[in-house]
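The chain contents come next:
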Amino acid sequence: MLNYIIRRVFQSVLVLLVVGLVAFSMFRFVGDPIDNMLGQERTQADIERLRTQLGLDQPFPVQYLKFLEGAAQGNFGVSYRQGRPVAEIIAERAPATLELAAVSGFFAIFFGIVLGVFTAIRRDGWASNVIMTVSLIGVSLPTFLIGILLIYIFSVELDMLPSFGRGEVVDLGGWTTGFLTASGLKALILPSITLGLYQMTLIMRLVRAEMLEVLRQDYINFARARGLSERVVNFRHALKNTLVPVITVTGLQLGSIIAFAIITETVFQWPGVGLLFINAIQFVDIPVMAAYLMLISVMFVGINLAVDLLYVAIDPRLRSEGGTV
Amino acid sequence: MTDAPVPRRRTLAPRLTAFWQSDLAWSFRRSPVAMVSLIVVSILTVSAVFAPLIAPHDPFNPATLNLMNGFTAPMTPNAFTGESFWLGTDDQGRDVFSTILYGMRISLFVGFSAVLFAMVLGITLGLVAGYVGGWTETIIMRVADVQLTFPAILVAMLIFGIAKGFTPVEYRDQMAIWVLILAIGLSDWVQFARVVRGATLVEKGKEYVQAAQLIGRSSPAIMLRHILPNVLSPVLVIATISLALAIIAEATLSFLGVGAPPTQPSLGTLIRIGQGFLFSGEWWILFFPACTLLALALSVNLLGDWLRDALNPKLR
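(A) Spatial organisation of the overall build of chain B. Scanning chain B from N- to C-terminus turns up 14 helices and zero strands. The order of α-helices and β-strands along chain B, N terminus first, is α-α-α-α-α-α-α-α-α-α-α-α-α-α. In chain B, which comprises 316 residues, the share counted as buried stands at 48%. The long-range share in chain B, meaning contacts at least 24 apart out of those at least 6 apart in sequence, stands at 69%. Charged side chains of chain B number 21 positive and 18 negative; the gap between the two group centres comes to 13 Å.

Here it is as structure tokens:
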């Protein structure tokens, strides 16, 4: 088992090193960093000084190590476009994305489980059929079209909710939050639904499938035979046992929410990290792209490692075969 | 007309009959969804291919554009020029119907090319991984596993960004379509490689492969001539579903402004442009491209679903 864990951690580190190499190559070979940082009026002495200062006169592996050292400390250089440290910009934008992701994650889990249980218990009812059909359409619609559709209904036609931005935000010492103002909360509704809808249908279908499986088991029949109420049988006995796979999938989907936030943030002009990344691609702002690449990789690799290690902890079969995996 | 022999027909007719009587065609005839999907896909593809012949206007020729025609509503004559357009015009007086036809061309071209690229890459790596084994296999499949943990659209965005960075500034707009194909293709090869590797591992142990090895055929020949034809049917299913995904991925990237450039707008770019007029009431600039994209993606997807069920021996 220890063998497996060590190999898994080693793999993750290797992946991050490769991603780091890609990010570093972007820095080093896309355009000339000196060109990007110095203006038109520069002397040869300026160029030489900056070259030494940035360490560009050193051999490639040394530069790569220095880059990794900086990245590990959260130092990704200065944005070509905004002229400010990338870490600062990302720290400023992160609360917007994290709040959006948290709300849509909550929305997806809550409604996913509720609707999943509902459609499993009333599996032949007309309401269940409607929900299942709508969810099928929801899955096949591209995220950005869902966002536009919601804007059209709730902002253009009904004029109830804002179509862009975060509304008023309150600054809590470096963390800006939209939770504390009415306009901030209103602005969260449409983007969170857009972002969470896909994950919600996923969780809903999973819960439904698991529930249908569990409801056929003997212990459910026994629980009914003992005269327990339907509610106790459904929620205390059945739902509890469906939650293990749901938690795993939800964990793995966490990274997807952050990734798909890029699309939602662009549709709603939400001032988060995803919109920053898209703008960075449009203007080829390499330091921002490299930083985002590193951040998202650390997150994905971390989540996957955590889920894999959790499996080992939960599933004893993996433990005994661990050495040979 | 006459009894003059038509050489091609002699070989084609029995083949067509054989195809018509095959299991696949039988299952196709029994599935109305598949038939409708195929009709929709065919109509859209044909009209995209022949866009220059069908389109009433050339949206990219500034000489034929009249700014006075801007914002003409569908089916109503323009207040200034009296001209009428089926699906209306956008802010620059471009006929929306024509831009959709040309946009669909770009969307379908990128979709097909990206899937083709992903397919060739995935099949090659899958065959090699499955047939050669050892370290080669470990490396290929590890890379595939790692890539699979990232959502495909994110991978495509990252590759697009990196490739764009490496392209010289003056070529960026010209190269955007090819960079897009590269990005979507590279984000999608894993599915092909995994399936082909799995099927190759099964086929490798069969007697016909051993026979080919015994008579001394080279490894590439065995992989391409003997194993490949036997692993193709799952590849076909994945290719169809990938096509739907690639079309949506292309639309998403272009919508985000990191795909097809405004000079060569795809359906996604058109939707991006249309979103700007959502509040001012010119709904048709957004609505028709969005519907076209949906019809295209949905019918390809349904076709893929049908194909998967039809080729799955377990469901027969």
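(B) Quick peek at empty space enclosed by the protein. Residue and element names in this part refer to chain B. For the structure on display, the rule yields one cavity of 30 Å³ or more. If you go around the largest cavity, the residues you meet are Asp90, Arg94, Val96, Thr99, Leu270, Ile273, Ile285 and Pro289. Only helix H5 (96-132), helix H13 (267-275) and helix H14 (284-311) provide two or more residues apiece to the lining of the largest cavity. Of the residues belonging to the lining of the largest cavity, the class tally is five nonpolar, one polar and two charged.

(C) The arrangement of the nonpolar core in detail. Counting residues in each nonpolar core, the largest one holds 138 residues, and the members touching the most others are A:Phe144, A:Ile148, B:Leu154, B:Met157 and B:Ile271. Of all the elements, H5(B) adds the most residues to this core, at 16 residues. The two domains that each donate at least three residues to this core are domain 1 (2-72) and domain 2 (90-282) of chain A. In this structure, A:Val117, A:Ala120, A:Leu212 and A:Ala238 belong to the second largest nonpolar core, which totals 18 residues.

(D) Structural view of the pattern of salt bridges. This model, assessed by the stated rule, comprises ten salt bridges over all chains. The salt bridge involving B:Asp305 is made with B:Arg308; its shortest N-O contact spans 3.2 Å. One end of the pair is B:Asp305 and the other is B:Arg308, both in helix H14 and three residues apart, which spans about a single turn. Bridged by salt links that share partners, the residues A:Arg84, A:Glu88 and A:Glu92 form one connected network.

(E) Up close: helix H6 (residues 126-140) of chain A. Given a rise of 1.5 Å per residue, 15 residues ought to cover 21 Å, and the 22 Å separating the end C-alpha atoms of H6(A) matches this to within 8%. Residues of H6(A) that are buried make contact with helix H5 (86-121), helix H7 (143-157) and helix H8 (182-215) of chain A.

(F) Focus on a nonpolar patch on the surface. Together, A:Leu98, A:Leu172, A:Trp175, A:Phe179, A:Leu180 and A:Leu185 give the surface a local cluster of nonpolar side chains, amounting to about 560 Å² of exposed area. Examined against the element boundaries, A:Trp175 turns out to sit in strand E2 (residues 175-177).

(G) Main features of the interface of chain B and chain A. Taken together, the contacts link 33 residues of chain B with 37 residues of chain A. Summing the contributions of chain B and of chain A, the shared interface buries around 3000 Å²; its carbon and sulfur component is 83%. Viewed at the interface, chain A and chain B are joined by zero salt bridges. Counting the contacts that link chain B with chain A gives five residue pairs in polar contact (both at pLDDT 80 or more). Elements represented by at least two residues in the side of chain B that touches chain A include exactly helix H6 (134-148), helix H7 (152-166), helix H12 (232-256), H13 and H14 of chain B. Looking at the side of chain B that touches chain A, the element that brings in the most residues is H7(B), giving ten residues. Split by residue class, the side of chain B that touches chain A holds 23 nonpolar, six polar and four charged.

(H) Layout of helix H8 (residues 172-186) of chain B. Residue and element names in this part refer to chain B. Approximately 35° is the largest bend angle found in H8, and it occurs at Trp178. Residues of H8 that are buried include every one of Arg172, Ala176, Ile177, Val179, Leu180, Ile181, Ala183, Ile184 and Gly185, and no others. Its buried side turned inward, H8 meets H5, H7, helix H9 (189-204) and H12.

(I) How the structure looks around the packing of helix H9 (residues 218-225) of chain A against helix H10 (residues 230-267) of chain A. Residue and element names in this part refer to chain A. Between H9 and H10, the shortest axis-to-axis distance is 10 Å and the interhelical angle comes to 160°. Relative to H10, the element H9 lies roughly antiparallel. Between H9 and H10 lies a crossing whose hand is right-handed. Contacts from Tyr219, Ile220, Ala223 and Arg224 of H9 reach H10 at Glu230, Val233, Asn234, His237, Ala238 and Asn241. Across the contact of H9 with H10, the residue classes break down as five nonpolar, three polar and two charged.

(J) Region of interest: the domain arrangement of chain A. Domain assignment breaks chain A into domain 1 (2-72) and domain 2 (90-282). One C-alpha centre belongs to domain 1 of chain A, the other to domain 2 of chain A, and the line joining them spans 38 Å.

(K) Up close: unusual backbone geometry. Residues and elements named next belong to chain A. For Asp159, which is not glycine, the phi torsion reads 55° and is therefore positive. Asp159 gets classed as exposed once you look at its relative accessible area, which sits at 63%. Look at Gln269: it is not a glycine, yet its phi comes out positive at around 45°. Along the polypeptide, Gln269 turns up in the loop between H10 and helix H11 (273-282). The exposure class of Gln269 is partly exposed, given its relative accessible area of 44%.

(L) Fine view of the confidence of the model for chain B. Residues and elements named next belong to chain B. In this model, chain B carries a mean pLDDT of 84, and residues with pLDDT of at least 70 account for 95%. Ranking the elements of chain B by mean pLDDT puts helix H1 (residues 7-21) last with 69 and H5 first with 93. Here the predicted complex scores 0.83 on pTM and 0.80 on ipTM.

What counts and what doesn't
Residues numbered from 1 in each chain as written. Chains lettered and ligands numbered in written order. Predicted model: local features only at pLDDT ≥ 70, side-chain atom pairs only at ≥ 80, totals over all residues. Heavy atoms only, no water. Helix = DSSP H or I, 4+ residues; strand = E, 2+ residues; numbered from the N terminus. Buried < 20%, exposed > 50% of the residue type's maximum accessible area, 1.4 Å probe, protein only. Contact = heavy atoms within 4.5 Å. Lys, Arg positive; Asp, Glu negative; His and termini not counted. Charge placed at Lys NZ, Arg CZ, Asp CG, Glu CD. 1 Å grid on protein atoms, 1.4 Å probe; cavity = no way out; pocket = protein on both sides within 12 Å on 5 of 7 lines; lining within 4 Å. Points joined across faces, edges and corners; volume = space filled by probe spheres on them. Nonpolar A, V, L, I, M, F, W, Y, C, P; charged D, E, K, R; others polar. Core = buried A, V, L, I, M, F, W, Y, C linked by side-chain atoms within 4.5 Å. Domains from an automatic or database assignment. Salt bridge = Lys/Arg side-chain N within 4 Å of Asp/Glu carboxyl O. Expected span 1.5 Å × (residues − 1). Patch = residues over 30% accessible without salt bridge, like charges linked within 9 Å, V, L, I, M, F, W, Y side chains within 5 Å. Areas by Shrake-Rupley, 256 points an atom, 1.4 Å probe, with all protein chains shown as cover. Buried area = accessible area lost by both parts, 1.4 Å probe. Polar contact = N/O pair within 3.5 Å; in protein donor to acceptor, adjacent residues only side chain to side chain. Bend = angle between axes of the 7 residues up to and from the residue. Axes fitted to C-alpha atoms, helices over the stretch in contact; angles between N-to-C directions. Parallel < 35°, antiparallel > 145°, perpendicular 65-115°, else oblique. Left-handed = near helix turned anticlockwise from the far one by under 90°. pLDDT = per-residue confidence, 0-100.

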